[in-house]
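# Observations on chain architecture
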Amino acid sequence: MYALFEDGGKFLAGRVLSEADTSAQVELDSGKRVKVKAANMLLKFEQPQPAELVAEAQQKSAEIELDLAWEFAPDEDFSFSELARDYFSDNADTATQAAMLFKLFEAPHYFRRLGKGLFKKAPEETVKAALLGIERKKQLAAQIDAWAAELAAGVCPDPIREQLYKILFRPDKNAAEYKAVVAASKLSHRAPLDLLTSAGAIDSPYQFHWKRFLFENFPQGTGFPDATPPEIREELPLAEVDAFSIDDSATTEIDDALSVRGLGSGTVVCGIHIAAPGLAFQPDSPLDRIARDRLSTVYMPGHKLTMLPDDVVQAYTLLAGRECPAVSLYVTIDEQTLEIRASETRLERVRIAANLRHDQLDAVITEASLCGDAAADYAFADELAFVFRLARHLKAAREVIRGKPETFNRPDYNFRLEGKQGSEPAGDETVVISQRQRGSPLDLIVAEAMILANSTWGRWLADCGVPGIYRSQASLAPGIKVRMGIKPAPHAGMGVSQYTWATSPLRRYVDLVNQWQIIACARHGMTAALAAPFKPRDAGLFSIISAFDAAYVAYNGFQAAIERYWTLKYLAQNGIEEFDAAVMKDGLVRAERLPLVFRALGAESLPRGALVKVRVASHDLLTLDLHAQVVSRIDDAAATLAPELANDDADEGGADGEGASPAVEPLALAIDVQDDGDGQATRSDDAPAPAR
């Protein structure tokens, strides 16, 4: 005797070897023996052979019309054998009964399974809805096939073009557009990005990088909601100083300015004046929500996305000719020894006498002129000479704590786009790249003044019992990163006992938060902990740190990538095929006169610091890959490791120990063609900044 039974949703047939009340031993055609529960045995028969029964039943099952079977089915529960007799004839044989079983089992939208070979007819509404869903799936499958064929033929359908960045970087794997790209990639044997590029889905490499960044970081767009800069209601005294700022000509968010009083008296008071949006609006206000949503200004060649709306920036920026609200730190200094005797923080208005510009004055305000070895024919010559002397003194003191000197062996690079139309670059402008050596006198003055303010305010917040957001670094050992926290801790890279970011409140949200805390200390002194917006162990501070870290990494990564784009564009526009580079490690080399790190074939076996000439084989503006090889070594083969490469393993980029990674990561796509279809750097106040 043979039996047809269900096993895990499949129907099998075999010879019954033995049978008990609740189960039976059945031998399959393969010789395998299985134990089958009595409830799962649906048919027993003598003829035909099991394999013949299954084959015949499958053939007959394909001939059954489900609509007609549903009409024949009774409204009450029924067995497959009953429906087989009603549908075919009263003498339906075993194969015919099995055929009906197979058909009922594969049509749950028509017949609900009840177990033990029993079924129940589905309501008419359910059947209609199921059939409609099946038809939609068929149409969707046909649409996917059509889109895939278009892509493979080099044409991008509009729905896929509209979902391009979602498909590539944050896909819904059940979406038809995603499945079409996967299918087309398999059909054409091409990578998704290459396929979409050839199909015209990507307008230009620059727009690809820009729109991808906006998709990932500004999904709601880059516009600001309506916001009116609130007036500062507090009556602020006017400082008895004339202050000057030092920035680049393109800078609109002028956060900081300096003043000097008492030259020649033996005691000099140096003022560090910081723009004070924190006096105008408070946490949880509309402007705060705008700033916290963006967290930082985003910089890129030829464009930037400010943290605050432009009219808000203009209301509080330290613009020359105005009396600007400021949080001022006054440091009293011995004019001869440069010893710091005292410090005081005031909330006040400050006259901004001038906005000095790096790009206009770096060649004029030189170390020789500041030290009296050359003529100093410029404004604030005496004040600048003093703060330059102070800056060198402060830097030397920090280097003692650091245990080694700070060096600025690599320059910053300025990018200028010629022929730009409109506010945003199009990506085809002519790019001019120029060098600006880090550590220039004006750079040093600003950097040391901001380090002094940030470290002094960090200590003052702690003395007042007010939490702040601090930056710390346990040591200068390779791999020890700068971290953010709410408690003061030493910053080894800076060489200070504690360090905050509080001097760029127009451009960084962390600085704005710290400014609110500093304002509370200025108003309330040692009782400020009760009045400060953020209290000790405030969970909100940890949330801000987490959000800022994520945004900071994303913005820096985009700036590095888009600057690499313009550097590769520069190579193409100027026909540069060979240039000098210095070997780093693992086959990486760094261009000598361009902001470019890349792998060069032949550099793997060369020592670090070796100078080589490399030849460009090709580059890709979409993936930002550069393929090159070493042509020759151009230095003394016996030369020792170049000092500027000695710390390539460590973070660099200024006194804060932060900088871009040596190479941009390859383009990462979220799309997986193996799927089966089912499923910046923002300017650091403690370091010289490139022109923006």
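Keep in mind it's a predicted model, so treat the numbers as computed, not measured.

Scoring rules and cut-offs
- Residues numbered from 1 in each chain as written.
- Predicted model: local features only at pLDDT ≥ 70, side-chain atom pairs only at ≥ 80, totals over all residues.
- Heavy atoms only, no water.
- Helix = DSSP H or I, 4+ residues; strand = E, 2+ residues; numbered from the N terminus.
- Rg over C-alpha atoms; globule rule 2.2 N^0.38 Å.
- Buried < 20%, exposed > 50% of the residue type's maximum accessible area, 1.4 Å probe, protein only.
- Areas by Shrake-Rupley, 256 points an atom, 1.4 Å probe, with all protein chains shown as cover.
- 1 Å grid on protein atoms, 1.4 Å probe; cavity = no way out; pocket = protein on both sides within 12 Å on 5 of 7 lines; lining within 4 Å.
- Points joined across faces, edges and corners; volume = space filled by probe spheres on them.
- Nonpolar A, V, L, I, M, F, W, Y, C, P; charged D, E, K, R; others polar.
- pLDDT = per-residue confidence, 0-100.
- Contact = heavy atoms within 4.5 Å.
- Pairing = 2+ DSSP bridges.
- Phe/Tyr/Trp six-rings, centres within 6.5 Å; stacked < 30°, edge-to-face > 60°.
- Patch = residues over 30% accessible without salt bridge, like charges linked within 9 Å, V, L, I, M, F, W, Y side chains within 5 Å.
- Salt bridge = Lys/Arg side-chain N within 4 Å of Asp/Glu carboxyl O.
- Lys, Arg positive; Asp, Glu negative; His and termini not counted.
- Charge placed at Lys NZ, Arg CZ, Asp CG, Glu CD.

### Details of the overall build of the protein chain
Helix and strand content of the protein chain: 19 helices and 24 strands. In terms of C-alpha radius of gyration, the protein chain reaches 37 Å, well past the compact-globule figure of 26 Å for 692 residues. Principal-axis analysis of the C-alpha atoms gives the protein chain an extent of 120 × 65 × 50 Å. Residues counted as buried form 50% of the 692 residues belonging to the protein chain. When the accessible surface of the protein chain is split by element, carbon and sulfur atoms take 49% of a total near 31700 Å².

### Here we look at empty space enclosed by the protein
If you add up the space inside the second largest cavity, you get close to 70 Å³. The wall of the second largest cavity is formed by L258, C270, I272, V387, L390, A391, L394, I445, E448, A449 and L452. Listing elements by their share of the lining of the second largest cavity, those giving two or more residues are strand 11 (267–275), helix 15 (381–402) and helix 16 (441–463). Across the lining of the second largest cavity, the residue classes break down as 10 nonpolar, no polar and one charged.

### A few points about the confidence of the model for the protein chain
Mean pLDDT over the protein chain: 87, with 92% of residues reaching 70 or higher. For residues 675–692, every residue scores under 50 in pLDDT, and the model assigns this stretch 86 contacts once sequence neighbours within four places are set aside.

### Considering the pairing of strand 22 (residues 597–601)
The side chains of a regular strand alternate, residue by residue, between the two faces of the sheet. Note: strand 21 (residues 588–591) against strand 22, three bridges, orientation antiparallel. Bridge pairing in strand 22 places R590 opposite V597. Sheet analysis places strand 22 next to strand 24 (residues 625–633), joined by two bridges and oriented parallel. Bridge pairing in strand 24 links A600 to A628.

### Digging into the packing of aromatic side chains
Given two aromatic rings, their pairing is described by the distance between the two centres and the angle made by the two planes. Under the counting rule described, the total for this entry stands at 26 aromatic pairs. Arranged with centres 5.6 Å apart and planes meeting at 35°, the rings of Y2 and F45 form a pair that is tilted. Of this pair, Y2 sits in strand 1 (residues 2–7) while F45 sits in strand 5 (residues 41–45), placing them 43 residues apart in sequence. Its relative accessible area of 4% is what places F45 among the buried residues.

### Some thoughts on the pairing of strand 20 (residues 578–583)
The pairing of strand 20 with strand 23 (residues 611–620) spans five bridges and is classified as antiparallel. Paired with A581 across the strands is V612, a residue of strand 23. Pairing between strand 20 and strand 21: three bridges, direction antiparallel. When the bridges of strand 21 are listed, V583 appears paired with V589. Between strand 20 and strand 21, which pair antiparallel in sequence order, lie four residues; one of them, D586, sits at a positive phi of approximately 55°.

### Side note on a negative patch on the surface
A grouping of E76, E82, D86 and D90 is seen on the molecular surface, where their side chains present a negatively charged patch. Among the structural elements, D86 can be located in helix 3 (residues 80–87).

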